[in-house]
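The chain contents come next:
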Amino acid sequence: MALAAMLCVQLGIATSVGLFDDVGPEGAACLRLAFAGVILLVLVRPRPGAFSRDSLVAAVALGVVTAAVTMFFMAAVDRIPLGTASALEFLGPLGVAVLRGRGGTKLWPAIAAAGVLLLTEPWHGALDPAGVAFALCAAVAWALYIVLTQRVGDEVAGLQGLAISMPIAGLVATAVAGRSLVGDVTPEVLLAGLGLAILLPVIPFALEMLALRRLTATAFGTLMSLEPALALLIGLVVLGQAPGLLPVVGIAFVVVAGIGAERTGARLAPVVVDRAELPPLGANLSAAEA
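Residues numbered from 1 in each chain as written. Predicted model: local features only at pLDDT ≥ 70, side-chain atom pairs only at ≥ 80, totals over all residues. Heavy atoms only, no water.

1. Observations regarding the overall build of the chain
- When its secondary structure is counted, the chain shows 13 helices and zero strands.
- Helices (α) and strands (β) of the chain occur, in sequence order from the N terminus, as α-α-α-α-α-α-α-α-α-α-α-α-α.
- The contacts of the chain with a sequence gap of at least 6 include a subset with a gap of at least 24, amounting to 90%.
- Accessible area for the chain stands at about 13,800 Å²; split by element, carbon and sulfur atoms hold 69% of it. (Helix = DSSP H or I, 4+ residues; strand = E, 2+ residues; numbered from the N terminus. Contact = heavy atoms within 4.5 Å. Areas by Shrake-Rupley, 256 points an atom, 1.4 Å probe, with all protein chains shown as cover.)

This is the structure:
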């Protein structure tokens, strides 16, 4: 599921080039988050009874973090090379993997980190201080996204949590970048944004939430390092961009780390209780008295 989510992300980015030309990267991010929020509200129809107070707060926080990681990354890419921004952003999930790993599992994030550096080659290109700062903010937001997604997925049944977090992300993104869309929105742009929202983020974010119910945050954070490898392979197949020797070595590093993380990072699937289906508090007492 995690691998399928990453594939959807990379295909979504590849197909969004035309939309970037029309409304800019931040406008495209705003459209896809806003449409994704509407789609999940309509399809899932979250029930208030499915949430405890803590899980609802976590879902709202996840929405804010989802918007943050998207908007910060777009701001970084606008100022520094994509490879450099990607390498810096991957410090987030790798940091989660290192901090939460135990014993030998800490080896996989280290191998993945070396692979990410070889894949993205961040030493090529000038570094803009503001761009670096935005990329590091995206890394922090991505780390929080992993932790909060796992918590919400563990505490709330199905995709109820995502149906709260994604509309919040859409509202935050609209507040930040909505004005940049004024004058640029056409029926064609709206249709493209709707299609992009399904491919990215509705499908991958749903898969990630399901995956985090079965993997530790350490394993998931390491598996996310496979994303640059997928991006490189898609660039080769779709765009004809042949990788150099170092990126090929980097692919080998992250694949080894991903396999190791998957084999050592499984977790027992939590039993998620749908609070809306629980009997009233006094029902058991009444039955016992009868």
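That shown, we press on.
2. A few points about a nonpolar patch on the surface
- On the surface, V38, L41, V42 and L43 cluster together into a nonpolar patch covering about 390 Å² of accessible area.
- With respect to the element layout, L41 can be found in helix α2 (residues 17–44). (Patch = residues over 30% accessible without salt bridge, like charges linked within 9 Å, V, L, I, M, F, W, Y side chains within 5 Å. Salt bridge = Lys/Arg side-chain N within 4 Å of Asp/Glu carboxyl O.)

3. Overview of the packing of aromatic side chains
- Evaluation of the coordinates by the stated rule reveals two aromatic pairs.
- Consider the rings of F72 and F134, whose centres lie 6.1 Å apart with planes at 35°: the pair is tilted. Within this pair, whereas F72 is found in helix α3 (residues 53–77), its partner F134 is found in helix α7 (residues 129–155), the two being separated by 62 residues in sequence.
- With a centroid separation of 5.1 Å and an interplanar angle of 55°, the aromatic rings of F90 and W142 are classed as tilted. With F90 in the loop between α4 (82–89) and α5 (91–100) and W142 in helix α7, the pair connects residues that are 52 residues apart, well separated along the chain. (Phe/Tyr/Trp six-rings, centres within 6.5 Å; stacked < 30°, edge-to-face > 60°.)

4. Some thoughts on the nonpolar core
- The biggest cluster of nonpolar side chains holds 65 residues, and the ones touching the most others in it are L19, V23, W142, Y145, V152, L162 and M166.
- Among residues more than four places away in sequence, those in contact with M166 are L33, A36, G37, L40, T66, P201 and F205. (Core = buried A, V, L, I, M, F, W, Y, C linked by side-chain atoms within 4.5 Å. Buried < 20%, exposed > 50% of the residue type's maximum accessible area, 1.4 Å probe, protein only.)

5. Describing the pattern of salt bridges
- Evaluation of the coordinates by the stated rule reveals one salt bridge.
- The closest approach of N and O atoms between E155 and R151, which form a salt bridge, is 3.4 Å. Remark: R151 and E155 occur in helix α7; sequence separation between them is four residues, near one turn of the helix.
- E155 sits in the partly exposed class, given a relative accessible area of 32%.
- A relative accessible area of 37% places R151 in the partly exposed class.

6. A few points about unusual backbone geometry
- Even without glycine at this site, R45 takes up a positive phi of about 50°.
- Inspection of the secondary structure puts R45 in the loop between α2 and α3.

7. Comments concerning helix α9 (residues 187–211)
- Across its 25 residues, α9 extends 35 Å between first and last C-alpha, which sits within 8% of the 36 Å expected from 1.5 Å per residue.
- Remark: the principal bend of α9, roughly 35°, maps to A197, with a proline, P201, within the next four residues. (Expected span 1.5 Å × (residues − 1). Bend = angle between axes of the 7 residues up to and from the residue.)

8. Topic: the packing of α7 against α9
- Contact geometry for α7 and α9: axes closest at 8 Å, N-to-C directions at 70°. Put simply, α7 runs roughly perpendicular to α9. For α7 against α9, the interelement crossing comes out right-handed. Between α7, through Y145, T149, V152 and G153, and α9, the contact on the second element is made entirely by F205, E208 and M209.
- Grouping the constituent residues of the contact of α7 with α9 by class yields four nonpolar, two polar and one charged. (Axes fitted to C-alpha atoms, helices over the stretch in contact; angles between N-to-C directions. Parallel < 35°, antiparallel > 145°, perpendicular 65-115°, else oblique. Left-handed = near helix turned anticlockwise from the far one by under 90°. Nonpolar A, V, L, I, M, F, W, Y, C, P; charged D, E, K, R; others polar.)

9. Looking at the environment of R151
- With 61 residues separating them in the primary sequence, R151 and L212 have C-alpha atoms 8.8 Å apart.
- Beyond its immediate sequence surroundings of up to four residues, R151 is in contact with D54 and A58.

All quantities given are derived from atomic positions and should not be read as evidence of function.
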